[in-house]
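Descriptive analysis of the structure
Now for the letters of each chain:
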Amino acid sequence: MDREQKLGKTEVVLESKTVECARLTTANATLQAKVQELSAALASKNQEMTTQAANFKVEEEKLLRESATSFADGFAKALVQAACVNPDIDVTGCSPLNEVVDGKLVPLETSKE
């Protein structure tokens, strides 16, 4: 093979590699754009989930307050009813924060370790 043929073959390979390099560069740019798009979407979703979690926490605290208020109201109504049915019974020491132990009214233990 003479020099001209080798040079021609080398030029064909070089052109082929150049075309392949351009194709890969384009594919890389497309993939990089997609990565940025997905990263932005992920950041947005993360922010949305963080906001939603904060909203759930606020709602949970609201429901707990409402439940505690409802429980306290119900307990107060039950005490009024007990006093009405049995007027001789003193219910002033009764509280949802007490319990009966060995026939005595004692403060409810809040932490059991």
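Above this text you will find the structure in question.
This text gives an overview of the structure that appears in the document. (Residues numbered from 1 in each chain as written. Predicted model: local features only at pLDDT ≥ 70, side-chain atom pairs only at ≥ 80, totals over all residues. Heavy atoms only, no water.)

**Comments concerning the overall build of the protein chain**
Inclusion rule: Counting from the N terminus, the helices are DSSP H or I runs at least four residues long and the strands are E runs at least two residues long. Radius of gyration: C-alpha atoms only; globule rule: 2.2 Å multiplied by the number of residues to the exponent 0.38. Think of it in three bands: with a 1.4 Å probe and only protein chains considered, a residue is buried below 20% of the maximum accessible area for its type, exposed above 50%, and partly exposed in between.
Scanning the protein chain for helices and strands turns up one helix and two strands. Each helix and strand of the protein chain, placed in order from N terminus to C terminus, yields the pattern α-β-β. Whereas a compact globule of 113 residues would reach a radius of gyration of roughly 13 Å, the protein chain reaches 39 Å, over 25% beyond that. Structurally, the protein chain occupies a C-alpha span of about 125 × 30 × 15 Å along its principal axes. Split into buried and exposed, the 113 residues of the protein chain put 1% on the buried side.

**Brief notes about a negative patch on the surface**
Operational definition: Only residues whose relative accessible area exceeds 30% and that form no salt bridge enter a patch; like-charged residues are grouped when within 9 Å of one another, and nonpolar side chains (Val, Leu, Ile, Met, Phe, Trp, Tyr) when within 5 Å. Every accessible area reported is derived by Shrake-Rupley at a probe size of 1.4 Å, with residue values counting cover from the shown protein chains alone. In what follows, salt bridge is the name for a side-chain nitrogen of Lys or Arg lying within 4 Å of a carboxyl oxygen of Asp or Glu. Charged residues are defined here as Lys and Arg on the positive side and Asp and Glu on the negative side; His and the ends of the chain fall outside this count. Think of each charge as sitting on NZ of Lys, CZ of Arg, CG of Asp or CD of Glu.
On the surface, D2, E4, E11 and E15 cluster together to form a negatively charged patch. With respect to the helices and strands, D2 occurs in the segment before α1 (3-85). Exposure remark for D2: the relative accessible area of 41% places this residue in the partly exposed category.

**Examining the pattern of salt bridges**
Within this structure, the stated rule accounts for four salt bridges. We note a salt bridge from R23 to E20, for which the minimum N-O separation is 2.7 Å. Residue R23 and its partner E20 are located together in helix α1, separated by three residues, close to a single helical turn. For the salt bridge of E48 with K45, the shortest nitrogen-to-oxygen distance reads 3.5 Å. Highlighted residues: E48 and K45, both in helix α1, separated by three residues, approximately one helical turn. Residue classification places E48 among the partly exposed positions, given a relative accessible area of 43%. The exposure class of K45 is partly exposed, given its relative accessible area of 43%.

**Looking at the environment of P107**
Heads up, the rule is: We call two residues in contact when some of their heavy atoms are within 4.5 Å.
Residue position: P107 is located in strand β2 (residues 104-107). With 81 residues separating them in the primary sequence, P107 and T26 have C-alpha atoms 74 Å apart. Apart from residues no more than four positions distant in its own chain, P107 is found in contact with L97, N98 and E99.

**Remarks on the pairing of β2**
For clarity, the cut-off: At least two DSSP bridges between two strands are required for those strands to pair.
Sheet topology note: the strand β1 (residues 98-101)/β2 ladder contains four bridges and is antiparallel. From the neighbouring strand, V101 faces β2, where its bridge partner is K104. Hairpin connection of β1 to β2: two residues between the antiparallel strands, including D102 at a positive phi of 55°.

**A look at the environment of A33**
Tracing the chain through its elements places A33 in helix α1. When the C-alpha positions of A33 and R65 are compared, they lie 48 Å apart, and in sequence the two are 32 residues distant.

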